[in-house]
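As a plain string of letters, each chain reads:
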Amino acid sequence: MKVLIVGAGIGGLATALSLHDAGIRDITIVEQVAELRPLGVGINLLPHAVRELTELGLGDALVGMGMPTSRLTYTNRFGQEIWSEPRGLAAGYQWPQYSVHRGELQMLLFDEVCERLGAGRVRLGLAAVSSDARADAASVTLRDAAGIEEVLTADVVIAADGIHSALRTQRYPDEGALVWNRLILWRGTAVAPAYLDGRTMIMAGDGLQKFVAYPLETPRADGLARINFIAEYRAGGDDSGISDWNRAVDPGRVIDMFADWHFDWLDVPALIAASDQVLEYPMVDRDPVDRWTWGTQTFLGDAAHAMYPIGSNGASQAILDARTIAHELATAADVPAALAAYEAARRPVTAALTLSNRSLGPERVMQLAYERAPQGFDDIEQVVPLAERQRIAAEYKQAAGFDPSLLNDRPSLSVPPAADRARR
C-alpha cells in the first residue's frame, strides 16, 4: 500500500509514524515549507494523546521535553478559584498530561520519521494544488517555489495540510472564510517566577477577557521557570480580526489590558512584560462538514476539524486521528472500508468537540461565575454549585475521549504483527 501524506505538521508526522508502526512502509510526506523549524509556543498533550505517542515508543522523549501537568485550575479575573482538578497521573490516568513547546514536539516527530522511515520520505518545498480522487487511486498535483508542478499518485492520500488546507478547499470551494468568534489571542513565553506548585495550568477570566498560563519546565534553582501564556480579549465590532495572523505585537498593548490582574500567586502584567515576543492570532475554527472522504482521499487534523483552542484538544485530536487511520488501514479489508471506518470513528467525535468548544467547553464554569457574580464572590458554592462544576468537567472529558476509566480501559490502537493477526 502506497500512502501520500500532505502536510508535515503534528498530525501528518504522527500519521507517518503510526502507519510505519502498523506495518505500512511505502509512505511519502510532502510539505509546502522549505525548512521545518521549531516554531510556535506551548501546547498541551492530554493523556489520550500521550498514550498514543507512548505506544509509538516516544514516552521517554516526552519525559525529557515536557512538563507533567499536576492540576488545572479555573479562576475569575480576581484570581478567586472556581474549579480545580488533578490532571494526568494524579487524576487516575495511566499516562501523564504534558505541557510542551509545539515546535519541539513537531521536530521530535520529524526526527523520528527520518530515522524510522528514512529522510527521503519527507519532501519539503512542495505545496498541494489539487487532487483527483478515484475509487482505486488518488493523485495530487504539487507545486514548488519556482512554480514547477509535479503529480504524485498513491493508493491513499491523507490531507493533513492544516486549517488552510488546499485539498479541503477543493472539496468545499464555497466554504468561505474561517469562523472567527471575535476573540484575539496574544501568545508568548517568559522566564518568570513559578506560581502555585510550579506544575499547574491556570485559566483566569471569563468570555470577554481571559488569561491562560502553564509552565514548560521545572522551576529552576532561582525559582524562575519558562511559562507559556495566552491572553485573550474580545474585539470590538469595528475590528476585522482575521486579517492579522501570527503577527508580532507590542507587549505594552496587552499589558495595559491586564494591568490590574495582580493575584496573590501570579502577577499577570509582569509575566507578559517578561516575554521574549508576543504573537497575535484570531481565535478561529471551521464549521464541521458531513464528509471527509472522496475515493481514496481523506482529511486529518485541522484540515478535517479545525477547532477553537479550548480544552487543549487540537493537537491531541490530530494524534488520535493518526493512530485511528493507521489502525484501520492495517486491519480493514480494503482502503475504502478503512477510510469509512476511520471517518465513522473520528468525524462525529470531532464535530461534537468543535461545537462544544464554541460553547466554551469546560471553560463554561468561568463564564457562569462571571454572569452570576461579576464582581467576585465569597463562596463559589453559592455561585456555581459543586455538582454543576463536576458535571461540566465530566461531560467534556467524555466527549473528548479522555475520561479516565474510558481511556484506561480502551483497547490499544497499536496493530499486532501480521503473523499474530493471521492466527486470530
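So, the overall build of the protein chain
Looking only at helices and strands, the protein chain has 13 helices and 19 strands in total. The C-alpha radius of gyration computed for the protein chain amounts to 22 Å, which stays within 12% of the reference 22 Å derived for 424 residues, consistent with globular compactness. Referenced to the eigenvectors of the C-alpha coordinate spread, the extents of the protein chain come out at roughly 65 × 50 × 45 Å. Burial analysis of the protein chain (424 residues in total) assigns 55% to the buried set. A separation of at least 24 residues holds for 75% of the contacts in the protein chain among residues at least 6 apart in sequence. For the protein chain, the exposed area adds up to about 17200 Å²; of that, 51% sits on carbon and sulfur atoms. Both charge centroids of the protein chain, one from 39 positive and one from 55 negative side chains, sit 4 Å from each other.

Here's the deal with the nonpolar core
Formed by 78 residues in total, the largest nonpolar core has its most connected members in Ile 5, Leu 19, Ile 29, Leu 45, Leu 53, Leu 105 and Leu 329. Excluding anything up to four places from it in sequence, Ile 5 contacts Gly 12, Thr 15, Ala 16, Leu 19, Ile 27, Thr 28, Ile 29, Val 30, Ile 158 and Ala 160. Grouped together as the second largest cluster of nonpolar side chains are 56 residues, Trp 186, Ile 227, Ala 306 and Ala 369 included.

Looking at the sheet that holds strand β3 (residues 42-45)
Strand order in the open sheet made by the three strands is β3-β7-β4, with antiparallel pairing throughout. The two strands at the open ends of the sheet, each matched to only one other strand, are β3 and β4 (67-68). Here β3 pairs with strand β7 (residues 98-101) via four bridges, running antiparallel. Looking at β7, one finds that Gly 42 is bridged to His 101. Strand contacts of helix α2 (residues 47-65): β3, β4 and β7, with the helix running at about 125° to β3, the strand carrying the most contacts.

Overview of the environment of Ala 337
You can see Ala 337 is positioned in helix α9 (residues 335-358). Given the relative accessible area of 34%, Ala 337 is considered partly exposed.

Concerning the pairing of strand β11 (residues 149-154)
Looking at chain direction, strand β10 (residues 138-143) and β11 are connected through six bridges and run antiparallel. In the sheet register, Val 140 faces β11, and the bridge partner there is Leu 152. The hairpin turn running from β10 into β11, its antiparallel successor, is five residues long, and Gly 147 in that turn takes a positive phi close to 90°.

Some details on the side chain of Asn 228
With respect to the helices, strands and loops of the structure, Asn 228 is situated in strand β16 (residues 224-234). Under the relative-accessibility criterion, Asn 228 is labelled buried at 0%. Engagement of the side chain of Asn 228 in a polar contact is seen with the backbone nitrogen of Gly 42, the distance being 2.7 Å. If sequence neighbours within four positions are ignored, Asn 228 has contacts with Val 41, Gly 42, Gly 188, Thr 189, Val 212, Ala 213, Tyr 214 and Leu 216.

What about the packing of aromatic side chains?
In this description, a pair of aromatic rings is defined by centroid distance and the angle of the planes. By the definition in use, this model includes ten aromatic pairs. Pairing Tyr 172 with Trp 294 gives two aromatic rings, centres 5.7 Å apart and planes at 80°, and the pair type is edge-to-face. Within this pair, whereas Tyr 172 is found in the loop between α4 (166-171) and β13 (179-193), its partner Trp 294 is found in the loop between β18 (278-285) and β19 (297-299), the two being separated by 122 residues in sequence. Here Tyr 172 falls in the buried class, since its relative accessible area comes to 18%. On the accessibility criterion, Trp 294 (15% relative accessible area) is buried. Grouping aromatic residues by their ring pairs yields a cluster made of Tyr 195, Phe 211, Phe 229, Phe 258, Trp 261, Phe 263 and Trp 265.

A few points about the environment of Arg 323
By the element assignment, Arg 323 lies in helix α8 (residues 314-331). When the C-alpha atoms of Arg 323 and Gly 11 are compared, they prove to be 9.7 Å apart, with 312 residues separating the residues in sequence. Leave out the neighbours within four places in its chain, and Arg 323 touches Ser 18, Asp 21, Glu 52, Glu 55, Leu 56, Ser 412, Leu 413 and Ser 414. Engagement of the side chain of Arg 323 in a polar contact is seen with the side chain of Ser 414, the distance being 2.9 Å.

Considering unusual backbone geometry
As a rule of thumb, non-glycine residues mostly have phi less than zero, and peptide bonds are mostly trans rather than cis. Positioned with a positive phi, Leu 196 is a non-glycine residue whose angle comes to about 50°. Here Leu 196 shows up in the loop between β13 and β14 (200-205). Judged by relative accessible area, which is 49%, Leu 196 ranks as partly exposed. Of note, the phi angle at Leu 360 is positive, near 80°, even though the residue is not glycine. When you line up the elements, Leu 360 lands in the loop between α9 and α10 (364-372). On the basis of relative accessibility, which here comes to 23%, the residue Leu 360 falls in the partly exposed class.

Some points on helix α3 (residues 102-117)
Look at α3: 22 Å from first C-alpha to last across 16 residues, which is about the 22 Å you get at 1.5 Å a residue. Taken residue by residue, α3 has Gly 103, Leu 105, Gln 106, Met 107, Leu 108, Leu 109, Phe 110, Glu 112, Val 113, Cys 114 and Leu 117 as its buried positions. Considering only its buried residues, α3 is in contact with α1 (10-21), β2 (26-31), β3, α2, β7 and β8 (122-124). Among the residues trailing α3, Gly 118 stands out with phi positive, at a value near 105°.

Analysis parameters
Residues numbered from 1 in each chain as written. Predicted model: local features only at pLDDT ≥ 70, side-chain atom pairs only at ≥ 80, totals over all residues. Heavy atoms only, no water. Helix = DSSP H or I, 4+ residues; strand = E, 2+ residues; numbered from the N terminus. Rg over C-alpha atoms; globule rule 2.2 N^0.38 Å. Buried < 20%, exposed > 50% of the residue type's maximum accessible area, 1.4 Å probe, protein only. Contact = heavy atoms within 4.5 Å. Areas by Shrake-Rupley, 256 points an atom, 1.4 Å probe, with all protein chains shown as cover. Lys, Arg positive; Asp, Glu negative; His and termini not counted. Charge placed at Lys NZ, Arg CZ, Asp CG, Glu CD. Core = buried A, V, L, I, M, F, W, Y, C linked by side-chain atoms within 4.5 Å. Pairing = 2+ DSSP bridges. Axes fitted to C-alpha atoms, helices over the stretch in contact; angles between N-to-C directions. Polar contact = N/O pair within 3.5 Å; in protein donor to acceptor, adjacent residues only side chain to side chain. Phe/Tyr/Trp six-rings, centres within 6.5 Å; stacked < 30°, edge-to-face > 60°. Expected span 1.5 Å × (residues − 1).

Fair warning: the whole summary comes from geometry, so function is off the table for now.
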